[in-house]
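Below are the chains, spelled out letter by letter.
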Amino acid sequence: MKTIKGPGIFLAQFMGDTTPFNTLSGLADWAAGLGYKGLQIPTDPRLFDLEQAAGSQTYCDDIKGLLADKGLEITELSTHLQGQLVAVHPAYDAQFDGFAAPHVRGNPAARQAWAVEQMKLGAVASRRLGLTTHASFSGALAWPYVYPWPQRPAGLVEDAFDELARRWKPILDVFDENGVDIGFELHPGEDLHDGVTFEMFLDRLGNHPRANILYDPSHMVLQHLDYLAFIDIYHERIKCFHVKDAELRPNGRSGVYGGYQGWVDRPGRFRSLGDGQVDFTQIFSKMAQYDYAGWAVLEWECALKHPEDGAAEGAPFIAKHIIRTTPHAFDDFAKSGADRDLNKRLMGL
């Protein structure tokens with residue numbers, strides 16, 4: 001059995017304009033000082049040049065060396081924003097345009113082509129960095145129709161997933177050529193947001209070996225989905241792990257949909273580790289049981305707590321929950337060894 005690696009931290013929520021949050025080196029020093037051992041790096045040009053990484057082994061070696069000198073490794077690269085742009089429903093064109101490079105904004109076709117190329121660069125860059133997993137979003141074509149009123153036209157969802165799979169198949173093939181799995185973060189707002197939608201996607205891809213899951217229980221809490229049973233069902237496809245807490249406290253005025261309220265007032269809220277309802281003891285136990293060998297990565301989002309406090313608390317929280325797996329059974333001391341004659345006598349044969 002393998003022991004989960006960690007603690008890691010996703011840097012996306014901590015990038016900023018001031019020191020130490022405005023450079024990869026500064027963020028690395030800050031994270032290492034808090035006790036983190038791994039960084040999940042968003043492929044944002046402020047921190048990481050994705051095109052250069054895909055084309056230059058020297059650049060990748062320099063990044064790895066910079067982090068190694070601080071006692072850190074890269075857990076995964078993240079292309080969440082580019083993955084979102086692989087499939088955008090027109091209702092969200094204006095909102096998602098800011099995720100793209102300036103030269104393709106306002107042009108959905110050019111933006112989508114750019115996103116596909118970014119994803120392929122992410123596959124090559126991951127390989128050059130010696131990584132075998134990669135974190136991303138699926139994008140969405142069917143999300144505006146998630147609630148079946150007005151009644152959806154027959155075949156609408158099926159056609160949307162056919163198109164989603166058509167767009168992702170060439171990208172996944174490039175990831176396969178580079179020996180890297182994509183962990184799609186199952187997330188409301190994405191067409192892949194629960195187990196059923198992931199299965200619909202996977203079926204259309206012929207069970208593509210590189211189409212996998214980034215497991216984040218917080219999104220399942222907000223959907224009232226059984227996040228422990230999810231691990232039992234999909235553990236073979238779980239390749240990445242965001243350690244993020246949440247709570248769902250419905251009341252007489254609002255429930256899962258949130259009433260269009262801001263995050264502080266919604267019944268479903270993301271929380272800092274230990275402040276929400278997620279049973280991380282059971283999650284880490286199941287991950288150990290199913291031999292998950294990847295990283296446990298803090299993704300900090302909280303409606304209340306300051307991010308630097310959440311990050312400082314996150315490293316010891318994750319470290320405390322990681323189970324160093326045993327190399328032998330607890331009752332090995334009582335083994336009697338194989339004895340076929342004894343077995344027969346014990347069965348009265």
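Everything discussed here concerns the structure shown above.
What counts and how
Residues numbered from 1 in each chain as written. Predicted model: local features only at pLDDT ≥ 70, side-chain atom pairs only at ≥ 80, totals over all residues. Heavy atoms only, no water. Pairing = 2+ DSSP bridges. Helix = DSSP H or I, 4+ residues; strand = E, 2+ residues; numbered from the N terminus. Axes fitted to C-alpha atoms, helices over the stretch in contact; angles between N-to-C directions. Contact = heavy atoms within 4.5 Å. Parallel < 35°, antiparallel > 145°, perpendicular 65-115°, else oblique. Left-handed = near helix turned anticlockwise from the far one by under 90°. Phe/Tyr/Trp six-rings, centres within 6.5 Å; stacked < 30°, edge-to-face > 60°. Buried < 20%, exposed > 50% of the residue type's maximum accessible area, 1.4 Å probe, protein only. Salt bridge = Lys/Arg side-chain N within 4 Å of Asp/Glu carboxyl O. Patch = residues over 30% accessible without salt bridge, like charges linked within 9 Å, V, L, I, M, F, W, Y side chains within 5 Å. Areas by Shrake-Rupley, 256 points an atom, 1.4 Å probe, with all protein chains shown as cover. Disulfide = S-S within 2.5 Å. Polar contact = N/O pair within 3.5 Å; in protein donor to acceptor, adjacent residues only side chain to side chain.

So, the sheet that holds strand 1 (residues 5–10)
Taken in spatial order, the eight strands of this closed barrel run 1-2-3-4-5-6-7-10, and their pairing is parallel. Neighbouring strand axes in the sheet, compared pairwise and without regard to direction, differ in orientation by 30° on average. As judged from the five bridges shared by strand 2 (residues 38–42) and strand 3 (residues 73–79), these two strands associate in the parallel manner. Looking across to strand 3, one finds that Gly 38 is bridged to Glu 73. Sitting on the sheet, helix 12 (residues 307–321) touches strand 1, strand 7 (238–243) and strand 10 (295–298), and the angle it makes with strand 10 is about 155°.

Quick look at the packing of helix 7 (residues 156–177) against helix 8 (residues 195–204)
Between helix 7 and helix 8, the least distance of the axes is 9 Å, while the angle of their chain directions is 60°. Of the possible angle classes, the one that applies to helix 7 and helix 8 is oblique. Helix-helix and strand crossings are classified by hand; for helix 7 and helix 8 the assignment is right-handed. Between helix 7 and helix 8, the contacting residues are Val 157, Glu 158, Phe 161, Asp 162, Leu 164, Ala 165 and Trp 168 on the first element and Thr 197, Met 200, Phe 201 and Arg 204 on the second.

Considerations on the packing of aromatic side chains
Per the counting criterion, the structure on display carries 17 aromatic pairs. An angle of 90° between the planes, with centres 4.9 Å apart, marks the rings of Trp 168 and Phe 184 as edge-to-face. With Trp 168 in helix 7 and Phe 184 in strand 5 (residues 181–185), this pair connects stretches of sequence that are 16 residues apart. One exposure class covers both Trp 168 and Phe 184, and it is buried. Aromatic pair Phe 241 and Tyr 292: ring centres 6.2 Å apart, planes at 80°, arrangement edge-to-face. Here Phe 241, found in strand 7, pairs with Tyr 292, found in the loop between helix 11 (280–289) and strand 10; they are 51 residues apart in sequence, far enough to count as distant. In textbook terms, an aromatic cluster arises when at least three aromatic residues are bridged by ring pairs, as seen for Phe 198, Tyr 215, Phe 230, Tyr 234, Phe 241, Phe 284 and Tyr 292.

Topic: the pattern of salt bridges
Within the structure shown, the criterion is met by 20 salt bridges. A salt bridge links Arg 210 to Asp 181, with the shortest nitrogen-to-oxygen separation between them at 3.0 Å. With Arg 210 in the loop between helix 8 and strand 6 (211–215) and Asp 181 in strand 5, this pair connects stretches of sequence that are 29 residues apart. Taken individually, Arg 210 and Asp 181 each receive the classification buried, so the pair is uniform in this respect.

Section: a nonpolar patch on the surface
A contiguous nonpolar patch, built from Val 146, Tyr 147, Trp 149, Val 256 and Tyr 257 and spanning about 660 Å² of accessible area, is present on the exposed surface. Its place among the elements puts Tyr 257 in the loop between strand 8 (245–248) and strand 9 (268–271).

Structural notes on the environment of Gly 258
Assignment of secondary structure puts Gly 258 in the loop between strand 8 and strand 9. With relative accessibility at 1%, the residue Gly 258 sits in the buried group. Sequence-wise, Gly 258 and Leu 222 are 36 residues apart; in three dimensions their C-alpha atoms are separated by 9.8 Å. Every residue in contact with Gly 258, bar those within four places of it in the chain, is listed here: Arg 266 and Pro 267.

A closer look at the state of the cysteines
A full pass over the atoms with the stated rule returns zero disulfides. Free of any disulfide, Cys 60 has its nearest cysteine sulfur in Cys 240, 18 Å distant.

Digging into the environment of Asn 251
Here Asn 251 lies in the loop between strand 8 and strand 9. Of the polar contacts made by the side chain of Asn 251, one reaches the backbone nitrogen of Arg 253; its length is 2.7 Å. One polar contact links the side chain of Asn 251 to the main-chain amide nitrogen of Ser 254, over a distance of 2.8 Å.

These results come straight from atomic positions and should not be treated as a statement about function.
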